[in-house]
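Analysis of the macromolecular model
Chain residues, written in single-letter form:
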Amino acid sequence: MNYLIKTTETYRVPNEEAVKKLLEELKSNRMFEVVKYSSIKKERKEKGEIVDEWIRLEVVKVFNDEKEPISEVQVRYDKGDFEDGD
């Protein structure tokens, strides 16, 4: 049997308030434990001017103890709604 031990996820978040909200939401989820996270403010510049700003949030989630796993976890990723671009 295969057990998911941990994952690292990277999010693009618009601002510090959204980072706090997302972290609270993740920490309240009982399916995993948030064991580490970091955030970095990012900027995109064009011709020396800032045209976009965001925060890159990296979160490490632990689902099972590697030595004594107790649960099977199936991860599902949904893309959400994206415009087709046609």
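First, a word on what this report is: a plain description of the structure on this page. (Residues numbered from 1 in each chain as written. Predicted model: local features only at pLDDT ≥ 70, side-chain atom pairs only at ≥ 80, totals over all residues. Heavy atoms only, no water.)

Further remarks concern the sheet that holds strand 3 (residues 49–62). Taking strand neighbours across the sheet as the criterion, the three strands line up as 1-3-2 in an open arrangement whose pairing is antiparallel. Looking at the sheet topology across the chains shown, the edges are occupied by strand 1 (6–13) and strand 2 (33–46). In this sheet, adjacent strand axes meet at a mean angle of 15° when their direction is disregarded. As defined by bridge partners, strand 1 adjoins strand 3 across eight bridges and the pair is classed as antiparallel. Note on strand 3: the bridge partner recorded for T10 is E58. Running at roughly 15° to strand 3, helix 1 (residues 16–27) makes contact with strand 1, strand 2 and strand 3 of the sheet. (Pairing = 2+ DSSP bridges. Helix = DSSP H or I, 4+ residues; strand = E, 2+ residues; numbered from the N terminus. Axes fitted to C-alpha atoms, helices over the stretch in contact; angles between N-to-C directions. Contact = heavy atoms within 4.5 Å.)

Another point: helix 1. Look at helix 1: 16 Å from first C-alpha to last across twelve residues, which is about the 16 Å you get at 1.5 Å a residue. Among all positions of helix 1, only V19, L22, L23 and L26 are buried. The buried side chains of helix 1 occupy one side of the element, clustering within an arc of 100° when seen end-on. In helix 1, the exposed positions that point more than 90 degrees away from the buried face belong to E17, K21, E24 and E25. Where the residues of helix 1 are buried, they touch strand 1, strand 2 and strand 3. N-capping of helix 1 is provided by N15, with a side-chain oxygen placed 3.2 Å from the backbone N of E17. (Expected span 1.5 Å × (residues − 1). Buried < 20%, exposed > 50% of the residue type's maximum accessible area, 1.4 Å probe, protein only. Arc of directions from axis to C-beta. Polar contact = N/O pair within 3.5 Å; in protein donor to acceptor, adjacent residues only side chain to side chain.)

Here the focus is the nonpolar core. Core analysis: the largest hydrophobic core is formed by twelve residues, namely V13, V19, L22, L23, L26, F32, V34, I55, L57, V59, F63 and V73. Mapped by element, the contributors of at least two residues to this core are helix 1 and strand 3. The element that contributes the greatest number of residues to this core is helix 1, accounting for four residues. Once residues lying within four places of it in the same chain are set aside, the contact partners of L26 are Y11, F32, V34, V59 and K61. (Core = buried A, V, L, I, M, F, W, Y, C linked by side-chain atoms within 4.5 Å.)

Here the focus is the pattern of salt bridges. Once their charged atoms are close, side chains differing in charge can pair, the charge on each being opposite to the other. All told, the structure shown has six salt bridges when counted by the stated rule. A salt bridge links E53 to K41; the shortest N-O distance between them is 3.6 Å. Residue E53 is located in strand 3, and its partner K41 is located in strand 2; the two are separated by twelve residues in the primary sequence. A relative accessible area of 41% means that E53 is categorised as partly exposed. A relative accessible area of 58% places K41 in the exposed class. (Salt bridge = Lys/Arg side-chain N within 4 Å of Asp/Glu carboxyl O.)

Next up on the list: the layout of surface pockets. Of the voids in this model, the largest pocket is the one considered here, and its volume is about 410 Å³. Around the largest pocket, the lining comprises 18 residues; the ones closest to its centre are E9, Y11, L26, F32 and K61. Those elements that provide at least two residues to the lining of the largest pocket are strand 1 and helix 1. By residue number, the principal contributor to the lining of the largest pocket is strand 1, which donates five residues. (1 Å grid on protein atoms, 1.4 Å probe; cavity = no way out; pocket = protein on both sides within 12 Å on 5 of 7 lines; lining within 4 Å. Points joined across faces, edges and corners; volume = space filled by probe spheres on them.)

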